[in-house]
Number of protein chains: 2
Amino acid sequence: MKLTNKGRYAVMAMADLASNAKGGPISLTEISLRQNISLAYLEQIFLKLKNNKLVRSSRGANGGYVLEKPASEIKLSNIIYAVDEEVKTLNCKKNSKRGCNNKSTKCITHNLWDQLDQHIIGFFEKVKLQDLAKLG
Amino acid sequence: MKLTNKGRYAVMAMADLASNAKGGPISLTEISLRQNISLAYLEQIFLKLKNNKLVRSSRGANGGYVLEKPASEIKLSNIIYAVDEEVKTLNCKKNSKRGCNNKSTKCITHNLWDQLDQHIIGFFEKVKLQDLAKLG
DNA sequence: AAGAATTCCTACTATTTTAGTAGGGATTAA
DNA sequence: TTAATCCCTACTAAAATAGTAGGAATTCTT
Ligand code: FES
Ligand code: FES
C-alpha cells in the first residue's frame, strides 16, 4: 500500500484551503508558507487535484485555488486517489484469476489483504474534508 | 505506511506453516515451493520471526520450523511487526512536540493519520493466524 | 566418517519509488 | 509593463525494496 508525503501533503493542502477560505482564491505560496511544503511540489499536487475536479484555479496575479465543492462533500478518498496514492495491499491483480504466487489460484492471504483494503478504504470514504477541522 | 512483500510473505509463510502442520518441523524449501517465494528471502524473514518468538527452528537434515504458539494465539500484528513493517501513516515522531512541518505545533492532519493508524492496527490486532484459514 | 539437508548470518546489488528540483511558458491584475 | 501566479514537463538524488550470494554451523542418514 502507498501512503506517502504526496498524499499527506494533498490532504494537508486541501485542509488548509478549507480552513483558510476567505472568499477569493488562495495562492500556493500562502499554503507553502503555512504548511511548510515546497511550492514546486505543491504545484504538481494541485495539477492533479484540479484534474480531479477537487479545486478550481484562477491564474495571474492574485490568482490561486478554491475548493470546487463544499468541504462537507469532499471525501478523503477523493483526495488520496486524485494524487495517485493507491490503497492497495493486495499483491495480485484483483480481477485476474492468477494469484500473486503466479499460480492459478489465489494465495492463502488474498482474502485477508482484500479485507484490509476494504477496511482502509472504508475509513477514507467515511471522513470528509470538513471533519478534519474537528479532528484537528 | 509500509506494507510490502516482506510483510505479505511473512504472513503467507506463517499461514502455510499453520495449515501444513504435520507434527514435525517444516522446511523452508517446502514453503518456498508451495508459496513461490525465494528460499533465500524466506530465510531472512524466518530469522526475524524466530527472533520474535513466533516460530521455533530445528537445524540439520529434516530440520525446519514449527509455530512457537498455537495459531489461535498469534496475532497478525505480531507477524507484521516481527518483520519490521510499520503501520505508520504519521509523518512526525509521535511523542515529539514538533510537527511534521517542523513547527512547534502538530499539523492539521496529524490527528487524522493518528486515527488511521489506530484503525489499521486495530485490524491487525483483531485477526489471528487461525482466522486466515477461514478467510481463505 | 562422509554427505546431504537444512538453518544461520551478513553483505551486497539491481530496481523501483519517492520526494523533490529545475526551468520555462501562459495568464492576469495592478 | 511588471510582478505574481498558475501550468506543465523533465530531470535527479536519495531512500527503500526485493531480492541474490556466499559461506558457516548443525544434524540426520547411510
Ligand atoms: S494477494 Fe491475491 S493471490 Fe496473493
Ligand atoms: S503528521 Fe504529525 S504533525 Fe503532521
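Worth saying up front: this structure is predicted, and the values here are computed from it rather than measured.

Cut-offs used in this document
Along each chain, residues carry numbers from 1 onward, in the same order as the chain's sequence is written. Going through the entries in the order they are written, you letter the chains from A and number the ligands from 1. For this predicted model, a pLDDT threshold of at least 70 governs which residues receive local features, and a threshold of 80 or more governs which side-chain atom pairs are given and counted, while totals over whole chains, interfaces and linings are taken from all residues. As a rule here, side-chain values cover all heavy atoms of the structure and leave hydrogens and water aside. Cavity means a closed set of points on a 1 Å grid over the protein atoms alone, one where a 1.4 Å probe fits but cannot get out, pocket means an open set with protein on both sides within 12 Å along at least 5 of 7 lines, and lining means a residue has an atom within 4 Å of a point. Grid points are joined across faces, edges and corners, and a volume is the space filled by probe spheres set on the points. Numbering goes from the N terminus for both helices and strands, where a helix is a DSSP run of H or I of at least four residues and a strand is a run of E of at least two. Nearness of a residue to a molecule or strand requires only that one of the residue's heavy atoms be within 4 Å of it. Two N or O atoms form a polar contact when they lie within 3.5 Å of each other; inside protein one atom must be a possible hydrogen donor and the other a possible acceptor, and for residues adjacent in sequence the pair counts only when both atoms belong to side chains. Residues are sorted three ways: Asp, Glu, Lys and Arg are charged, Ala, Val, Leu, Ile, Met, Phe, Trp, Tyr, Cys and Pro are nonpolar, and all the rest, Gly among them, are polar. For this analysis, residues touch if any pair of their heavy atoms sits within 4.5 Å. A quick way to say it: buried area is the sum, across both parts, of accessible area lost when two parts are put together, with a 1.4 Å probe.

Chemist: How should the layout of surface pockets be read in this particular structure?
Modeler: One simple way to see leftover space: roll a probe sized like a water molecule over the atoms. Residues and elements named next belong to chain A. For the largest pocket, the calculated volume is near 170 Å³. Lining the largest pocket, in full, are S27, L28, T29, L39, E43, S57, S58, R59, G63, G64 and Y65. Mapped onto the lining of the largest pocket, the elements with two or more residues apiece are α2 (28–35), α3 (39–51), β1 (55–58) and β2 (64–67).

Chemist: Explain the protein's contact with DNA strand D here, please?
Modeler: Neighbouring residues of DNA strand D: 27 residues in total, closest A:L28, A:K50, A:S57, A:Y65 and B:Q44. Protein-proximal atoms of DNA strand D, defined as those within 4 Å of the protein, fall in sugar or phosphate at a share of 66%. The side chain of B:T4 places a nitrogen or oxygen atom 3.1 Å from a phosphate oxygen of DNA strand D. The side chain of B:S38 places a nitrogen or oxygen atom 2.9 Å from a phosphate oxygen of DNA strand D. Counting only elements with at least two residues in the surface near DNA strand D, the list comes to α3, β1 and β2 of chain A together with α1 (5–19) and α3 (39–51) of chain B. Looking at which element gives the most residues to the surface near DNA strand D, the answer is α3(A), with four residues. Classifying every residue of the surface near DNA strand D by side-chain character gives eight nonpolar, 13 polar and six charged.

Chemist: How should the interface of chain B and chain A be read in this particular structure?
Modeler: Many analyses report the size of an interface as the accessible area lost when the parts associate. If you look at the interface, chain B gives 36 residues, while chain A gives 36 residues. Between chain B and chain A lies a buried interface of about 3400 Å² when both sides are counted; carbon and sulfur atoms form 66% of it. For the interface between chain B and chain A, the tally reads twelve residue pairs in polar contact (both at pLDDT 80 or more). Mapped onto the side of chain B that touches chain A, the elements with two or more residues apiece are α1, α2 (28–35), α4 (76–82), α5 (110–126) and α6 (129–135) of chain B. Sort the elements by how many residues they give to the side of chain B that touches chain A and α5(B) lands first, with nine residues. Here the residues of the side of chain B that touches chain A sort into 21 nonpolar, eleven polar and four charged.

Chemist: Sorry, what's going on with the protein's contact with DNA strand C here?
Modeler: The local shell around DNA strand C holds 27 residues, among which A:Q44, B:L28, B:K50, B:S57 and B:Y65 are the closest. A share of 67% is what sugar and phosphate atoms reach among the atoms of DNA strand C within 4 Å of the protein. Here a phosphate oxygen of DNA strand C and a side-chain polar atom of A:Y9 are 3.1 Å apart. The separation between a base oxygen of DNA strand C and a polar main-chain atom of A:A61 is 3.2 Å. The greatest single-element share of the surface near DNA strand C, amounting to four residues, is contributed by α3(B).

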